[in-house]
Each structure stands twice: as structure tokens, then as C-alpha cells.
Amino acid sequence: MRIVTWNINSLRLRLPLLRQVVALLNPDVLCLQETKVPDALFPRDACEALGFPHIAHHGMKGYNGVALLSKLPLEDVRTPERCRRTDCRHLAARVAGIDVHCLYIPAGGDIPDPELNDKFAHKLDFLADLTGWLTADADPSRPMVLAGDFNIAPLETDVWSHRQLLSVVSHTPVEVEALAGMQAAAGFVDAVRHFVPPTERLYTWWSYRSPDFAANDRGRRLDHIWVTPELKPNLQGALVARECRGWTQPSDHVPVMVDVAL
DNA sequence: ATGGTTGATGGTCAA
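To keep things clear, this report deals only with the structure shown in the data block. (Residues numbered from 1 in each chain as written. Chains lettered and ligands numbered in written order. Predicted model: local features only at pLDDT ≥ 70, side-chain atom pairs only at ≥ 80, totals over all residues. Heavy atoms only, no water.)

Observations concerning the overall build of chain A
Working step 1: Tallying secondary structure elements over chain A gives six helices and 14 strands in all.
Working step 2: Whereas a compact globule of 262 residues would reach a radius of gyration of roughly 18 Å, chain A reaches 17 Å, a difference of no more than 12%.
Working step 3: Dimensions of chain A along its principal axes, counting C-alpha atoms only, are 45 × 45 × 35 Å.
Working step 4: Classification of the 262 residues of chain A by burial places 54% in the buried group.
Working step 5: By sequence separation, contacts in chain A at least 24 residues apart represent 68% of the contacts at least 6 residues apart.
Working step 6: Carbon and sulfur atoms make up 51% of the accessible area of chain A, which totals about 11,200 Å².
Working step 7: Counting 27 positive and 32 negative side-chain charges, chain A places the averaged centre of each group 4 Å from the other. (Helix = DSSP H or I, 4+ residues; strand = E, 2+ residues; numbered from the N terminus. Rg over C-alpha atoms; globule rule 2.2 N^0.38 Å. Buried < 20%, exposed > 50% of the residue type's maximum accessible area, 1.4 Å probe, protein only. Contact = heavy atoms within 4.5 Å. Areas by Shrake-Rupley, 256 points an atom, 1.4 Å probe, with all protein chains shown as cover. Lys, Arg positive; Asp, Glu negative; His and termini not counted. Charge placed at Lys NZ, Arg CZ, Asp CG, Glu CD.)

Notes on the sheet that holds strand E1 (residues 2-7)
Working step 1: Spatially, the six strands line up as an open sheet ordered E3-E4-E2-E1-E14-E13, and their pairing is mixed. Each end of this open sheet is capped by a strand with a single partner; those strands are strand E3 (54-58) and strand E13 (235-240). When the angles between neighbouring strand axes are averaged without regard to direction, this sheet yields 10 degrees.
Working step 2: One ladder, built from five bridges, connects E13 with strand E14 (residues 256-260); its direction is antiparallel. Within E14, the position partnered with Gly237 by the bridge is Asp259.
Working step 3: The strands touched by helix H1 (residues 15-25) within the sheet are E1, strand E2 (29-33), strand E4 (66-70), E13 and E14, with E1 carrying the most contacts at an inclination of about 150 degrees. (Pairing = 2+ DSSP bridges. Axes fitted to C-alpha atoms, helices over the stretch in contact; angles between N-to-C directions.)

This is the structure in C-alpha cells:
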């Protein structure tokens, strides 16, 4: 089963690029974040026409929004609530016996201090809430995949400059520690780093505020696919589709892909 | 230290 996660940054604007991503990667399950479309306006017909008869979405007006497009049936679709809010950041379904979670963790604003910045406080609260939920929900008899925009780059090689980003939201020690705690909740395996050694730089996001993303390559690895330990022997490959960042009118994130043997 | 861009929106806010 080929799983792809992509922060599409507006599903309706980038339907033509979604078609290109599907042609390039041929996913069985596609996890989308920042769909920015209310459920009533979700372009279901267009997504079905791309070859995904099984669709779930959880969206709102203007911001956030997550969706699952699948070639395989989606069972037990859930929209777990985080931090007592319904802000459309978590969608889960069982696919081929695997619980697939599509996640959009809050970006956290600019100031890395929860006392001064409500958005950063929300990010830390969201991580703590999700960690507690995963700890309680984890079940060794039920394999799980977490995929999405985690908005955290954990490794030194996940950012263009570890030193210069230590106080930049997405790479601060408090976030990296919180993410490590979340990973420990069920012993999740970072499926992409399973194939790409931590000595190798790897990014999935480049700011729009640079005229040429490839020129200085100031990226960050914010998008992740994790699997529970029992799936580790089933991992068959991984890919970050960097080329998509160079397409016309791109998302600032590129798709991340993992193959899991069923 | 600062500014730079994009998307949804129709004010600005979020990233």
C-alpha cells in the first residue's frame, strides 16, 4: 500500500497539481492537509475522477482542513477532537486493517513562547493532547500510520541551519522534545528516516518568501509519515517528491510517500 | 534586525 501525505495549501486552487501528483506517485491512500474547503463545498467528483472512490474529509471555511482519498475502502472514519476544539486538523480511518491518521499540527505562530503567543501554546497543547490520546488508543494488535504536516523538523539535518533555527518555531528544543514524546507514545518509526540516513539533509517545505527555493535550499522537513513498530518490517520504500516544489503555482510543501507491504 | 510571498477573504489573518 502506497501512502502519500501532502499539505496542498488549498485543494480547490491546486486540483490540477493534485492530478499531477497522482500521475507521478500513484498513491493508494492520499492524506491532504490545508484543504481550506468547507465540507459542503468539497470537490468530491473531481477527486473521484482522479481514481479515488473512497473519500473522507473534515474541512472548514478559510483555514486548516484535512482529507483522505483512497483506492481502498475507508472504514471507521473518525474526526477526533483535539484541545476541545473542532478546527479540522485530525481525520482517521481504517484502510486494509491499518489505522491511518491524517494530521495537521498547528504551525504555532512566530514567537516560541507559550506565555506570549497563544498559537505556540496551542501547538504545545495539541501535541500533549495527541500524545495522551495516542498512548491510550495504541493497540499492538492494530497497526497505525500517522501522516501529515507536523510543523516540526526534529533532526539537525531536517533544517538548512540547525544553529540559526534553534529559536525559530518548528525547530525549537521544546517542540522537538514534545514531538519525541509523541513518537514514544507507541514507539513510532519515522518511515522516511528508515530509508534516508540522519546524516543526509532532507526537506519537505520551502518558504514562499524566497524567489527561488532551490537557489539557497533553505528548507525544513515538516511533513512526516510514522508507523507503529509491528509495521517496520513491512516498510518497502520512501520518497520526498522535491520536484513538485518547482512546478507552476506550487504548494509550499511537497508530497511525502511511503510504501508499506500488506 | 528585518523583510520577503501566498491563499482565503473581502477586514486582515494565517502560514
